[in-house]
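Chain by chain, the residues:
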Amino acid sequence: ASSFARMFVQVCLYFYCKCLWRCLKFVVRKLTGQCELQRICYNTKPGAARTMKIEASLKGSKSKRLQTSVNVHPDAIEKTVDDIMELKRINPDINPQLGVSLQACLLQIVGYRSLIAEVEKLRREPYDSENPQHEEMLLKLWKCLKPNSPLKARISKQWCEIGFQGDDPKTDFRGMGLLGLYNLVYFAEWDTEIAQQVLSDSLHPKYSQLSKAEWEKKKFDKAIGYSFAIVGINITDLAYNLLVSGALKTHFYNVAPEAPTLTHFQQTFCYLMHEFHKFWIDEDPLDIMEFNRVREKFYKRILKQLQNPEMALCPHFAASESLINM
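Note that the coordinates shown come from a computational prediction; the quantities given were computed from them, not determined experimentally.

A word on helix 3 (residues 48–59)
- Spanning 12 residues, helix 3 covers 16 Å between terminal C-alpha atoms, matching the ideal 16 Å at 1.5 Å per step.
- Within helix 3, the full set of buried residues consists of Ala48, Ala49, Arg50, Thr51, Ile54, Glu55, Ser57 and Leu58.
- Contact partners of the buried residues in helix 3: helix 2 (36–43), helix 4 (64–67), helix 5 (77–87), helix 6 (96–124) and helix 12 (249–255).

With respect to unusual backbone geometry
- Not every positive phi belongs to a glycine, and Arg89 is a case in point at roughly 55°.
- In this structure, Arg89 sits in the loop between helix 5 and helix 6.
- Taking relative accessible area as the criterion, Arg89 reaches 78% and is therefore assigned exposed.
- Not every positive phi belongs to a glycine, and Asp284 is a case in point at roughly 50°.

Considerations on the packing of aromatic side chains
- Summed over the entire model, instances satisfying the criterion amount to 15 aromatic pairs.
- Geometrically, the ring pair formed by Tyr112 and Tyr253 is edge-to-face, given 6.1 Å between the ring centres and 65° between the ring planes. Taken together, the residues Tyr112 in helix 6 and Tyr253 in helix 12 connect sequence positions 141 residues apart.
- Members of the aromatic cluster, connected to one another through ring pairs, are Tyr226, Phe276, Phe279, Trp280, Phe291 and Phe298.
- Residue placement shows Lys249 over the ring face of Tyr112; its charged tip is 5.7 Å from the ring centre.

Details of the environment of Ile288
- In this fold, Ile288 is placed in the loop between helix 13 (262–283) and helix 14 (291–306).
- Judged by relative accessible area, Ile288 falls into the partly exposed class, the value being 40%.
- Taking the C-alpha atoms as reference, Ile288 lies 6.4 Å from Ile224; in sequence the two are 64 residues apart.

What counts and how
- Residues numbered from 1 in each chain as written.
- Predicted model: local features only at pLDDT ≥ 70, side-chain atom pairs only at ≥ 80, totals over all residues.
- Heavy atoms only, no water.
- Helix = DSSP H or I, 4+ residues; strand = E, 2+ residues; numbered from the N terminus.
- Expected span 1.5 Å × (residues − 1).
- Buried < 20%, exposed > 50% of the residue type's maximum accessible area, 1.4 Å probe, protein only.
- Contact = heavy atoms within 4.5 Å.
- Phe/Tyr/Trp six-rings, centres within 6.5 Å; stacked < 30°, edge-to-face > 60°.
- Lys NZ or Arg CZ within 6 Å of the ring centre and 35° of its normal.

Here it is in structure tokens:
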């Protein structure tokens, strides 16, 4: 009986708050002469803060047309903005900037959903050694990371030198499919110097704070090193989870002036790889068995950073400032 009473009170409270909120919105609109979308666009600066408020406003609207506007095809965004303006009885001639701002927000919202679909497709596609494109990408990874050490054979123990588990890397891509390979190749090709340095450090970690005896012990058992490629696939999984959970909206809405793309995701992966490497060094794990603990701690730190609406994980990847300031 007490459980039923508690549930009844919660339901009543929900409807009371919902009705109260709608009444409050109605009163504010009458006082200001602006709908919620106008107030958000005019009073919130561009970026994650504005786009996430617009997204929440549209999804929480009592109008089905507004609710579904966040799921339209990218080609239909311009018409969708016109429909929103018409539904809200906003004159576009008097409020020209509103249409531009709404369009930019919808491009980000719809683009984020499209990016999830694109990333998911890559994750689900298995590595196929019979596919020449897959093989070409794998060989490119080796050439970028080890330009001065020719690969003697496709099946070779040399793959362990860049952090794969065996003599054929294809078995290591099972968890993340082609997405893991795409990210590693992007890191090695576009951030080559850092990628090569991270690889070198993962094989021969430098711990200046250790005594000579401690360093020699760790150097001997290689406990503080890690497998570069395997960790890259693991960080791909971390980035994927951040994306699918919606946590990366803060970052992407701040760095992508319109629709976030696969390139934005791969640039974020590069940042996460570099940051995880520094985090691993700072954590000073006793052995590789601590990897999951360190990874979980790193994941929580990134999640906390992304709770800040001003956060951009790697702002140097930001696109045109003029577009961001629309």
